[in-house]
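Per-entry structural report
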Amino acid sequence: MDFKKIKLVLGREFSIRVKKKSFIITTIVTPILFAALMIVPTLIMMADWDKDVNKVLVVDDSGIVAQALESGAEIEYVMPDTRDMEYLKSHLDSLGAYAVMYVSPLDTANNVTVDAYATKQINAKVSEAIAADVNNIVERYKLQQYNIENFDEIQADLNHEVDLNTYIVGEDGQDRKSILGINMAISFIMGFVIYMFVTMFGNMVMSSVINEKSNKIVEVIVSSVKPFDLMIGKILGVASVALTQFFIWVILTLAIFFGFQLVMGPQLVSDPEAMEQMTQMAGMGSDQISQIAQASDSEIAQTFAALKEVNFALIIGCFLIYFVLGYLLYASLFAAIGSAVDNEADTQQLVLPVTIPLILGLLLMLQAFQNPDSQLAFWGSMIPFTSPMVMLARVPFEGCVQTWELLLSIGLLLLTFLIAVFFSGKVYRIGILMHGTKYSWKDIWKWLKY
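This report concerns the structure included in the present document. Since the model is a prediction, treat every value here as computed from it, not as a measurement. (Residues numbered from 1 in each chain as written. Predicted model: local features only at pLDDT ≥ 70, side-chain atom pairs only at ≥ 80, totals over all residues. Heavy atoms only, no water.)

Turning next to unusual backbone geometry. Look at Asn 110: it is not a glycine, yet its phi comes out positive at around 60°. Within the secondary structure, Asn 110 sits in the loop between strand 3 (99-103) and strand 4 (114-118). Overall, the relative accessible area of 23% leaves Asn 110 in the partly exposed class. (Helix = DSSP H or I, 4+ residues; strand = E, 2+ residues; numbered from the N terminus. Buried < 20%, exposed > 50% of the residue type's maximum accessible area, 1.4 Å probe, protein only.)

Structure (structure tokens):
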């Protein structure tokens, strides 16, 4: 290999791409979209403050439901002056009602059925709220039929959710607080980012090879640079673009997100009208709000304490290693495919065997971050074609990945990359100058023997 010429090709690939308008636009727009995914839910919640409560008319033949229904954030239950269902159904708009519900008489098992009518499709929130309210009332009524003494106190005592605290016991015998949700979020994000970047930039390498081949530019380039050096330089050049763009995305996304928090956070806390509306919608008193605020402060403190225990140095280090090696492995395969075709339409039958392991890795990753100790997750993190995604889904879970597993996985991935580069170089060396014919895997197999 001529490292000087590889460096020249790398620099050419990098400079060509970072100067493109598409690179500049995606580098700026993508962080805005990522930040929007985190910001928009908050804005939607704020927009819901002004949402009208749905007025639902109630005609009850059970004798137990109407008197126990309580209006809430989604629904205001109203008992109409008339029980004529046909009249109510035909005059919903004039009555200012969203819907009318009819509760049937109790059957022999003390159950009821509920029919709801509206002038348009009843939305999911209202439907679920009605079902939940009626179910609770019927369940309570059935329990009361057993004539249990102090029933209200017993039920209040039973309605308790257990708080599960999880800890990790270190080698030093010290236990540390852990939050499963944090580890699952980190593992999912890293695995998905690897999949997205490897697919996107691997295809970018393939498209670059196809464009140069179809424009006959490559015939001029290979007169000065060996095909293998050209392939390596192209792969490394696109990799440098990918890493540059990724770090810019991370910095801009975090800047936009935390900037939004700084601007909107104090406003939400200091806006008495907004806080009052939130309180009214939740149907809570000041004592309940205070208790929830204290619980939220405690949860936030626990979250930050758990974040401090996350080994971000290991996670980021593993991400960079698996990102680079995973990209290099697949980019070499995409480059070989690009050299064997004259246009992107001809890549479909050749690219499928390469994309299937990527998709399989994504599916294994979804299982791995839920059960990182499973045999499926272990073998998925060892197989080089799926390990970039699956291993990163396991790494955030402390104690789930032994050092030897990590080293073996990286070693296998590196070895597979070197083998893939060797054979891809053979295909690239021949295919890059071949024109005018569609080539199959049978032809590529012949090229590997040269």
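Structure's up, so let's keep going.
Residues Ile 24, Ile 25, Ile 28, Val 29, Ile 32, Leu 33, Ile 248, Leu 252 and Ile 256 make up a contiguous nonpolar surface patch of about 720 Å² in total accessible area. Those elements that place two or more of their residues in the nonpolar patch are helix 2 (21-47) and helix 8 (227-270). Per-element tally for the nonpolar patch: the top contributor is helix 2, with six residues. Note on placement: Leu 252 falls in helix 8. (Patch = residues over 30% accessible without salt bridge, like charges linked within 9 Å, V, L, I, M, F, W, Y side chains within 5 Å. Areas by Shrake-Rupley, 256 points an atom, 1.4 Å probe, with all protein chains shown as cover. Salt bridge = Lys/Arg side-chain N within 4 Å of Asp/Glu carboxyl O.)

Our next topic: the packing of aromatic side chains. Throughout the structure, instances matching the rule amount to 10 aromatic pairs. Ring centres 5.2 Å apart and planes at 75° place the aromatic pair Phe 422 and Phe 423 in the edge-to-face group. You can call Phe 422 partly exposed: its relative accessible area is 47%. What links up through ring pairs into an aromatic cluster is the set Phe 197, Phe 201, Trp 249, Phe 319 and Phe 323. (Phe/Tyr/Trp six-rings, centres within 6.5 Å; stacked < 30°, edge-to-face > 60°.)

Turning our eyes to something else, we now look at the packing of helix 12 (residues 348-368) against helix 13 (residues 375-382). At a closest axis distance of 9 Å, the pairing of helix 12 and helix 13 adopts a crossing angle of 140°. As summarised for this structure, helix 12 and helix 13 are arranged oblique, according to the angle between their axes. Where helix 12 crosses over helix 13, the two elements pack in a sense that is left-handed. Contact residues: Leu 364, Gln 367 and Ala 368 in helix 12; Leu 376, Ala 377 and Gly 380 in helix 13. Looking at the contact of helix 12 with helix 13, its residues break down into four nonpolar, two polar and no charged. (Axes fitted to C-alpha atoms, helices over the stretch in contact; angles between N-to-C directions. Parallel < 35°, antiparallel > 145°, perpendicular 65-115°, else oblique. Left-handed = near helix turned anticlockwise from the far one by under 90°. Contact = heavy atoms within 4.5 Å. Nonpolar A, V, L, I, M, F, W, Y, C, P; charged D, E, K, R; others polar.)

What is shown is where atoms sit, not what they do.
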